[in-house]
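Listed below are the residues making up each chain.
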Amino acid sequence: MSYKYFPHTEADIREMLGKIGVERLDDLYAEVPESIRFQGDYQLPSAMSEMEVRQLFERLGSQNRQLTCFAGAGVYDHYTPAVIPSLLSRSEFLTSYTPYQAEISQGTLHYIFEFQSMMAELTGMDISNASLYDGATATAEAAMMCVAAAKKARKVLISETVDPKVAEVVATYAHFHGIELVPVKAFAGHTSRADLDAKLAEGGVAGVIMQQPNRYGIIEDLEGYADIIHQAKALFVLNSIIADLALLKTPGEWGADIAVGDCQSLGIPMSFGGPYVGYMCCTEKLIRKMPGRIVGMTRDSRGQRAFVLTLQAREQHIRRQKATSNICSNQSLMALFVTIYLSVMGRQGLKEAARLSYAGAHLLAERLVATGRFELAFPSTSFFNEFCVRYKGDLDALLQRCLDAGIFAGVKIDDEVLMLAVTEKRTCEEIEKLVSLV
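Since the model is a prediction, treat every value here as computed from it, not as a measurement.

Honestly, the overall build of the protein chain in this entry has me stumped. Any pointers?
Along the backbone of the protein chain there are 13 helices and 17 strands. Principal-axis analysis of the C-alpha atoms places the extent of the protein chain at approximately 80 × 55 × 55 Å. The 438 residues of the protein chain split such that 46% are buried. At a minimum sequence separation of 6, the contacts of the protein chain that also span at least 24 residues come to 69%. For the protein chain, the separation between the mean place of its 43 positive charges and that of its 52 negative charges on side chains is 5 Å.

Explain the layout of surface pockets here, please?
To find leftover empty space, one rolls a probe the size of a water molecule over the atoms. Considering only enclosed or pocket space, the largest pocket measures out at about 710 Å³ in volume. Looking at side-chain class alone, the lining of the largest pocket contains 13 nonpolar, 9 polar and 5 charged residues. Space inside the second largest pocket adds up to approximately 560 Å³. Considering the residues around the second largest pocket, the lining is formed by 30 residues, among which A73, G74, D163, K165 and V166 are closest to the centre. Counting residues per element, the ones that place at least two in the lining of the second largest pocket are α6 (135–150), α7 (164–176), β8 (235–240) and β9 (258–262). When residues of the lining of the second largest pocket are assigned to their parent elements, the largest contribution, 4 residues, is made by α7. Each residue belonging to the lining of the second largest pocket can be placed in one class, and the counts come to 13 nonpolar, 11 polar and 6 charged.

Please explain the packing of helix α5 (residues 106–123) against helix α11 (residues 332–370) as it appears in this structure.
The relative placement of two packed helices is expressed as an angle between their axes plus a distance between the axes. Following both chains from N to C, one finds α5 and α11 inclined at 50°, their axes separated by 9 Å at the closest point. The pairing of α5 with α11 is recorded here as oblique in orientation. Crossing geometry of α5 relative to α11 is assigned as left-handed. Residues T108, Y111, I112, E114, F115, M118, M119, E121 and L122 of α5 lie in contact with α11, whose contacting residues are S332, L333, A335, L336, V338, T339, L342, S343, R347 and L350.

Sorry, what's going on with the sheet that holds strand β17 (residues 417–421) here?
With antiparallel pairing, the 4 strands of this open sheet are ordered in space as β13-β14-β17-β16. Each of the sheet's edge strands pairs with one partner strand only, and the pair in question is β13 (374–376) and β16 (411–412). In terms of strand pairing, strand β14 (residues 386–391) meets β17 through 5 bridges, oriented antiparallel. Across the sheet, the residue bridging to F387 is L420, located in β17. Packed onto the sheet, α11 meets β13, β14 and β17 and runs at close to 10° relative to β14.

Even after reading the chapter, I still don't get the side chain of T283, so can you show me in this structure?
Mapped onto the elements of the fold, T283 is located in the loop between β10 (278–282) and β11 (294–299). The class for T283 is buried, based on a relative accessible area of 18%. Other than its neighbours up to four places away in sequence, T283 contacts M125, D126, I127, A256 and D257.

Can you help me understand the packing of aromatic side chains in this one?
Evaluation of the coordinates by the stated rule reveals 6 aromatic pairs. Taking the ring centre of Y225 as reference, the NZ or CZ of R193 above it sits at 5.0 Å. Stacked on the ring of F70, the Lys or Arg R426 has its end atom at 5.9 Å from the ring centre.

Looking at this structure, I do not really get the state of the cysteines. What am I missing?
Such a bond, covalent and formed between the sulfur atoms of two cysteines, is termed a disulfide. Scanning the entire structure with this criterion turns up 0 disulfides. Cysteine C263 is unpaired, with the sulfur of C281 as its nearest cysteine sulfur at 8.5 Å. You can call C263 buried: its relative accessible area is 0%.

Rules used in this analysis
Residue positions within a chain follow its written sequence, with the count starting from 1. In view of the model being predicted, local features appear only for residues whose pLDDT reaches at least 70, and side-chain atom pairs are presented and counted only at 80 or more, with totals across whole chains, interfaces and linings using the full set of residues. Values reported for side chains reflect all heavy atoms of the structure, with hydrogen atoms and water molecules removed beforehand. In this text, helices come from DSSP runs of H or I with a minimum length of four residues, and strands from runs of E with a minimum of two, each type numbered from the N-terminal end. Throughout, exposure labels follow a simple rule: accessible area from a 1.4 Å probe, protein chains only, divided by the maximum for the residue type, with under 20% read as buried, over 50% as exposed, and the rest as partly exposed. Should any heavy atoms of two residues lie within 4.5 Å, those residues are counted as being in contact. Only four residue types enter the charge count, namely Lys and Arg as positive and Asp and Glu as negative; His and the chain termini do not. By convention, charge coordinates are those of NZ in Lys, CZ in Arg, CG in Asp, or CD in Glu. Definitions used throughout: a 1 Å grid over protein atoms alone; a cavity as a set of points that fits a 1.4 Å probe which cannot get out; a pocket as an open set with protein on both sides within 12 Å along at least five of seven lines; a lining residue as one with an atom within 4 Å of a point. Grid points are joined across faces, edges and corners, and a volume is the space filled by probe spheres set on the points. Gly falls in the polar group here, along with every residue not listed as nonpolar (Ala, Val, Leu, Ile, Met, Phe, Trp, Tyr, Cys, Pro) or charged (Asp, Glu, Lys, Arg). Fitting a line to C-alpha atoms yields each axis, with helices limited to the stretch in contact; the angle taken between N-to-C directions then spans 0 to 180 degrees. In this scheme, roughly parallel covers angles under 35 degrees and roughly antiparallel covers those over 145, while 65 to 115 is roughly perpendicular and the rest are oblique. Crossings are assigned a handedness: left-handed for a near helix turned anticlockwise from the far helix by less than a right angle, right-handed for a clockwise turn. When DSSP finds two or more bridges between two strands, those strands count as paired. Each aromatic pair joins two rings of Phe, Tyr and Trp (for Trp, the six-membered one) with centres within 6.5 Å, and gets the label stacked for planes under 30 degrees apart, edge-to-face for over 60, and tilted for any other angle. For a Lys NZ or an Arg CZ to count as sitting over a ring, it must be within 6 Å of the ring centre and within 35 degrees of the ring normal. Pairs of cysteine sulfur atoms within 2.5 Å are what we label disulfides.

See the structure below:
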């Protein structure tokens, strides 16, 4: 057996087989019954030239429809500056993995350090780690972190205004870690303060998870929530759309102990659901409960600035029973994406994109309501770039009419309720075209 890209020679293979006491590679599978072995030929296409491969994928790509996207629900159509894919495609980044050897990984460690610094600044928190898979798993890790910090309490409350996709991931993690996950009721699109008070009064609560803006796009007034949660000796976890924090109050200002979410809104293409990257920030007193890794800055033997992995509390580094988590296989390529995006956009650019998204969403909401065919689904007009409307008609027919016209007109969350999102990419002409279809 000889394969062009395998480094082992026939002599190497014979030597390795001899070491383990078998004669042929097939002997490695001797315990697998013949009845369940695949006996046929693999349906592999014949070899193609480079030009033929390009033509094949161009034909496949041409079958995609490019829609104008007014859908959100956790994934948003933001603009990606051209410099990002150009830098990200450099071979040293595309082949990067966990930088265990600091001596040869200073570049990777440096940009992870910058990513952490930017996340901490955006969230208003003390500490940031790097890098979690996505916002949903980051929220699940935060639930586990609450229980680890509480020691005895194993109950975590989660608001019904948290994105249901996120809540499902948290529920999966909670089930397999023996955590009791209890929903807090929603009223008129907001977290019910009365239900939260009642459930906190029952005791045994390790943490409370909320979302800002919430699953309906509403900006909730969280004044005083941190106080009542802390009085119950629980931790306050706030999941946020990170781009919105350019203008909104930060989790730190709301008194959160742990801030989590997804960084997709920082220019990462929607890409049918990934890859994305999550963020997690917390107060300094919780630093040793954080999962994954933290990159720290120090000085080497010559007094020069250097970056190192620190507080590595994963199963790979310490005894399994002492590990905080085994999550955090390297997402640093997407962390680099976010770091370049924030560097290119700067403070003003980030704020301007957020303002355009906010203004476009409110313009679209006003224009839809003015048609007489829509009304806001919730009494609150305090929303950012996403909102829910109730349609007085056949919603499925409307959505199909929009698709036929090349517009993905939002996410249906009820038989009559449609949730729409606007980003800085949506123009006034696109908004008017959508309204005209109503």
